[in-house]
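# Close look at the chain arrangement
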Amino acid sequence: MTLEEYIESHSSPENDALAQITHLTNVNVLNPHMLSGQVQGRVLAFLSKMMHPKHILELGTFTGYSALCLAEGLSDDGELTTIEHNDELEDTIRQNLSLSPLGSRIRLVIADAKQWLASRSEALYDLVFIDADKREYTDYFKLVYPLVRPDGWILADNTLWDGHIIDPAYDRDKQTLGLRDFNDFIATLPNVEQVILPLRDGLTLIHKLR
């Protein structure tokens, strides 16, 4: 048994809807490894439950798994908005969201995340999850930061990038360079506190200070 298998076997299992999405994604969608998966999904759900947010924003829906996990912590009148650029995934996402009662509290927007963010002005969101184009993370953050309420949270996925983040062999890889730029940028900001968790592919928690 590997350490990863041990962790999975001692963590709460996926619910039926999430297990079905895992199966359908692995069978029908390219790059199924992009799915958050059981352990990270539980971490996202637990963080959301601790924060109990009214408004959640997700950048990068993929097949809807992480959106449903984050939605578990929504307040009674809360809503999650998730932005996906790939319109070919729209039918799959809507079908997957319909597998859970929480799907009715998730608003799917098919759009370019940077363009969509640039059209917003209200500091509305209590929690943001960034999991879209790795080359654009710094731009996403700069656009989304004003939209997060003081004392709100931003989570960024894949920030260790399977170890490539410190591997010189990836010094010319644009996604790696984008993530390095993002991590360095966040580390210099005076108005946030942050920590990178070595969970799966790296998960950064960023707290917007009052």
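Definitions and cut-offs
- Residues numbered from 1 in each chain as written.
- Predicted model: local features only at pLDDT ≥ 70, side-chain atom pairs only at ≥ 80, totals over all residues.
- Heavy atoms only, no water.
- Helix = DSSP H or I, 4+ residues; strand = E, 2+ residues; numbered from the N terminus.
- Rg over C-alpha atoms; globule rule 2.2 N^0.38 Å.
- Buried < 20%, exposed > 50% of the residue type's maximum accessible area, 1.4 Å probe, protein only.
- Pairing = 2+ DSSP bridges.
- Axes fitted to C-alpha atoms, helices over the stretch in contact; angles between N-to-C directions.
- Right-handed = clockwise from strand over helix to strand, strands pointing away.
- Core = buried A, V, L, I, M, F, W, Y, C linked by side-chain atoms within 4.5 Å.
- Contact = heavy atoms within 4.5 Å.
- Phe/Tyr/Trp six-rings, centres within 6.5 Å; stacked < 30°, edge-to-face > 60°.

## Details of the overall build of the chain
- Scanning the chain from terminus to terminus reveals eight helices and seven strands.
- Relative to the 2.2 N^0.38 estimate, which gives 17 Å for 210 residues, the radius of gyration of the chain is 16 Å and therefore close to what a compact globule would have.
- Principal axes of the C-alpha set define a box for the chain whose edges measure 40 × 40 × 35 Å.
- Across the 210 residues that make up the chain, the buried fraction comes to 49%.

## Quick look at the sheet that holds strand S6 (residues 192–197)
- Pairing is mixed in the open sheet, where seven strands are placed in the order S3-S2-S1-S4-S5-S7-S6. Lying at the two open borders of the sheet, with one neighbouring strand each, are strand S3 (106–110) and S6. The mean inter-strand angle of the sheet, taken between neighbouring strand axes irrespective of direction, is 15 degrees.
- Where S6 lies against strand S7 (residues 203–208), six bridges are found, and the strand directions are antiparallel.

## Quick look at the pairing of strand S1 (residues 55–59)
- Counting buried positions over the five residues of S1 gives five, a clear majority of the element.
- Residues His55, Leu57 and Leu59 of S1 are buried on one face, and the alternating residues Ile56 and Glu58, pointing to the opposite face, are buried as well.
- Bridge count between S1 and strand S2 (residues 79–84): five bridges; the pairing is parallel. In the sheet register, Leu57 faces S2, and the bridge partner there is Thr81.
- Each parallel crossover has a hand, and the one from S1 via helix H4 (residues 65–71) to S2 is right-handed.
- The pairing of S1 with strand S4 (residues 125–130) spans four bridges and is classified as parallel. By the bridge assignment for S4, Leu57 is matched with Val128.

## Some thoughts on the nonpolar core
- Formed by 30 residues in total, the largest nonpolar core has its most connected members in Leu57, Leu59, Ile130 and Ile154.
- At the level of secondary structure, the elements contributing two or more residues to this core comprise S1, helix H6 (113–118), S4, helix H7 (137–144), strand S5 (148–157) and helix H8 (174–188).
- The contacts of Ile154, once residues within four sequence positions are left out, are Val128, Ile130, Phe141, Val144, Tyr145, Val148, Thr204, Leu205 and Ile206.
- Formed by 28 residues, the second largest nonpolar core is a distinct cluster that contains Leu18, Leu44, Ala45 and Leu108.

## Overview of the packing of aromatic side chains
- Inspection of the entire model under this criterion finds five aromatic pairs.
- On the basis of an interplanar angle of 65 degrees and a centroid distance of 6.2 Å, the ring pair of Phe141 and Phe182 is categorised as edge-to-face. Taken together, the residues Phe141 in helix H7 and Phe182 in helix H8 connect sequence positions 41 residues apart. Like Phe182, Phe141 is buried.

## Looking at unusual backbone geometry
- One non-glycine residue with positive phi stands out, namely Asn31, at about 55 degrees.
- Position of Asn31 relative to the elements: it lies in the loop between helix H2 (16–28) and helix H3 (37–51).
- For Asp162, which is not glycine, the phi dihedral falls at a positive 55 degrees.
- Following the sequence through the fold, Asp162 ends up in the loop between S5 and H8.

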